[in-house]
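Spelled out, the chains give:
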Amino acid sequence: MENIKTYIQENKNRFINELIELLKIPSVSADSAYSQDVIDTSEAVKSSLEQAGCDKVEICETDGYPIVYGEKIIDPNLPTVLVYGHYDVQPPDPMELWTSPPFEPLIKKTEIHPEGAIFARGACDDKGQMYMHVKAVEYMISNNCLPCNVKFMIEGEEEVGSVNLKTFVENNTAKLKNDVILISDTGMISNQQPSITTGLRGLSYVEVEVTGPNRDLHSGLYGGAVANPINILSKMIASLHDENNRITIPGFYDKVEELSLEERTEMAKAPFDIEDYKKALDLNDVYGEEGYVTNERNAIRPTLDVNGIWGGYTGEGAKTVIPSKAFAKISMRLVPNQDWEEITELFTKHFTAIAPKAVKVKVTPHHGGQGYVTPIDSIGYKAANMAYNETFGIPAIPVRSGGSIPIVALFEKELKSKTILMGFGLDSDAIHSPNEHFGIFNYLKGIETIPLFYKYFVELSK
Ligand code: BES
Ligand code: MN
Ligand code: MN
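Residues numbered from 1 in each chain as written. Chains lettered and ligands numbered in written order. Predicted model: local features only at pLDDT ≥ 70, side-chain atom pairs only at ≥ 80, totals over all residues. Heavy atoms only, no water.

Looking at an unreviewed UniProt entry, the protein chain carries the name Peptidase dimerization domain protein, with the source organism given as Flavobacterium pokkalii.

Enquirer: Which residues make up the site of ligand 1, and what are the values?
Expert: If you check the shell around ligand 1, you find 17 residues, and the closest are Glu 158, Asp 185, Arg 333, Ser 404 and His 432. In this structure, an oxygen atom belonging to ligand 1 sits 3.1 Å away from a side-chain N or O atom of Asp 125. Between an oxygen atom of ligand 1 and a side-chain N or O atom of His 432, the distance comes to 2.8 Å. If ligand 1 stood free it would expose 520 Å²; the protein chains cover 88% of that surface. Considering only residue class, the shell around ligand 1 consists of 5 nonpolar, 7 polar and 5 charged. (Near = heavy atom within 4 Å. Polar contact = N/O pair within 3.5 Å; in protein donor to acceptor, adjacent residues only side chain to side chain. Areas by Shrake-Rupley, 256 points an atom, 1.4 Å probe, with all protein chains shown as cover. Nonpolar A, V, L, I, M, F, W, Y, C, P; charged D, E, K, R; others polar.)

Enquirer: Quick rundown of the sheet that holds strand 5 (residues 117-119)? Include the residues and the values.
Expert: Pairing is antiparallel across the open sheet formed by 3 strands, whose spatial order is 4-5-18. Strands at the two margins of the open sheet, each flanked by one partner only, are strand 4 (106-108) and strand 18 (437-439). Each neighbouring strand pair of the sheet contributes to a mean axis angle of 30 degrees, computed without reference to strand direction. The sheet contact formed by strand 5 and strand 18 spans 3 bridges and is antiparallel. The residue bridging Ile 118 from the neighbouring strand is Phe 438, located in strand 18. Running at roughly 20 degrees to strand 5, helix 1 (residues 4-23) makes contact with strand 4 and strand 5 of the sheet. (Pairing = 2+ DSSP bridges. Helix = DSSP H or I, 4+ residues; strand = E, 2+ residues; numbered from the N terminus. Axes fitted to C-alpha atoms, helices over the stretch in contact; angles between N-to-C directions. Contact = heavy atoms within 4.5 Å.)

Enquirer: An account of the coordination of the manganese ion (ligand 2) is requested, with residue identities and associated values reported.
Expert: The protein atoms that coordinate the manganese ion (ligand 2) are His 86 (NE2), Asp 125 (OD), Asp 185 (OD) and Asp 185 (OD), at distances spanning 2.0 to 2.4 Å. Coordination at the manganese ion (ligand 2) comes from 6 donor atoms whose angles at the metal span 57 to 166 degrees, giving a geometry best classed as irregular. Taken as a pair, the manganese ion (ligand 2) and the manganese ion (ligand 3) lie 3.6 Å from each other and share Asp 125 as a ligand. Here His 86, found in strand 3 (residues 80-86), pairs with Asp 185, found in the loop between strand 7 (180-183) and strand 8 (195-200); they are 99 residues apart in sequence, far enough to count as distant. (Donors = N, O, S within 2.8 Å, 3.2 Å for Na, K, Ca; no water. Tetrahedral: all angles 85-135°; square planar, octahedral: opposite > 155°, others 65-115°.)

Enquirer: Lay out the packing of helix 3 (residues 127-142) against helix 12 (residues 440-461) with the relevant residues and their values.
Expert: Look at helix 3 against helix 12: their axes get within 8 Å of each other, and the N-to-C directions meet at 50 degrees. When the interaxial angle is binned, helix 3 and helix 12 end up oblique. As for how helix 3 packs across helix 12, the hand of that crossing is right-handed. Along the contact surface, helix 3 presents Gly 128, Tyr 131, Met 132, His 133, Lys 135, Ala 136, Val 137, Tyr 139 and Met 140, while helix 12 presents Asn 442, Tyr 443, Gly 446, Ile 447, Ile 450, Pro 451 and Tyr 454. Partitioning the contact of helix 3 with helix 12 into residue classes produces 11 nonpolar, 4 polar and 1 charged. (Parallel < 35°, antiparallel > 145°, perpendicular 65-115°, else oblique. Left-handed = near helix turned anticlockwise from the far one by under 90°.)

Structure representation (structure tokens):
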């Protein structure tokens with residue numbers, strides 16, 4: 001049997017080239033202009049699972065984009081690992097800020113990635129991280145060292161809320177039966193300090209529409225006499241936070257779990273430098289809820305953010321107009337115990353209530369999901385930690401992340417198993433931003449670490 005390090009050395013270029021091919025397909029799930037590309041990507045993922053040696057590889061149709069399923073069952077009496085990932089990506093815009101085109105992957109060296117990183121939309125989130133699992137399983141199958149069963153479920157709608165995956169999971173609990181779910185779709189602290197994500201925030205995403213007059217008006221003839229929906233919307237949005245940056249929606253914090261001082265002290269041990277943080281983002285100062293530090297504000301505290309706001313005239317030059325409508329997209333990140341549907345209702349009620357009589361308000365919920373926290377004494381967590389310890393030479397630190405993978409809470413509810421989030425991305429990899437990239441070091445380290453998770457998980461399960 002060939003060891004994984006040798007296997008990676010021998011196949012490194014092929015691993016990189018295969019990922020580059022996958023990254024060339026613009027699988028943007030949010031924009032229907034790319035729908036054929038999303039479908040083509042599902043086919044490419046299917047072929048890659050077949051090539052890796054999986055059996056029963058299939059495209060599972062849904063009301064949206066397909067889910068790719070594959071499995072290798074070596075013995076029904078052995079444990080089963082379910083790997084989840086997504087092949088869809090975020091829209092690449094703003095295009096002009098990319099230093100190389102988002103769907104023409106290019107390897108470039110950076111300060112943090114001296115060995116080079118692949119620049120492309122989806123490089124880290126999540127094609128690169130998902131593909132590490134395909135290559136790790138390829139290694140284990142071809143070298144006869146897969147120690148248990150494995151199932152793959154790779155979806156194409158994560159970036160738009162996993163609505164159809166929810167139905168698929170609910171309807172296929174027997175097919176998806178497993179002992180642990182393994183996901184690489186998060187990050188780690190640094191290439192010197194691995195971490196395991198033990199928490200994800202929930203999400204409620206809504207769109208609001210404020211209507212004033214029934215048509216755009218001359219801002220001189222009507223200005224001052226009718227409500228300007230942009231002025232009103234701005235005022236309403238501004239009122240959603242108080243002077244301590246706490247959210248003002250009644251009931252919003254009712255179910256928020258307050259962490260003990262002990263837990264907060266434990267969290268504060270993770271290496272973090274506020275000056276580096278500010279420097280990396282070109283900020284003079286950070287900003288957030290009073291009474292909490294940065295690493296708490298973006299992990300254990302809920303938030304409300306406007307993601308986009310529009311209306312009126314934004315073209316060249318000046319046009320004097322009072323617009324008929326103003327819009328905003330608003331996301332609320334939630335913490336465990338906050339129910340996203342309840343929060344969506346609280347938001348809708350409050351936002352409608354604070355609108356002056358002079359405008360009409362419409363709130364449209366988009367999607368959402370519950371938060372997630374996982375204990376660090378499970379077999380899965382221990383196995384992951386042992387794997388990191390071996391490949392990085394240092395144990396992983398448990399970290400709660402601010403991001404969301406809404407389907408994880410549903411997995412636990414429907415499939416009754418824990419999810420282990422073994423992420424290999426870095427915060428600086430610019431996911432969802434221009435110039436997203438994934439370090440070659442991270443990609444190969446992931447492929448090296450994953451088989452060890454299987455090994456230790458099976459050993460600890462005995
Ligand atoms: N992979 C991310 C989530 C993530 C990234 C979690 C880094 C932790 C660390 C995922 O693809 C994502 O972007 N999720 C969305 C939610 C979804 C419903 C659109 C998010 O967090 O905005
Ligand atoms: Mn992702
Ligand atoms: Mn994402």
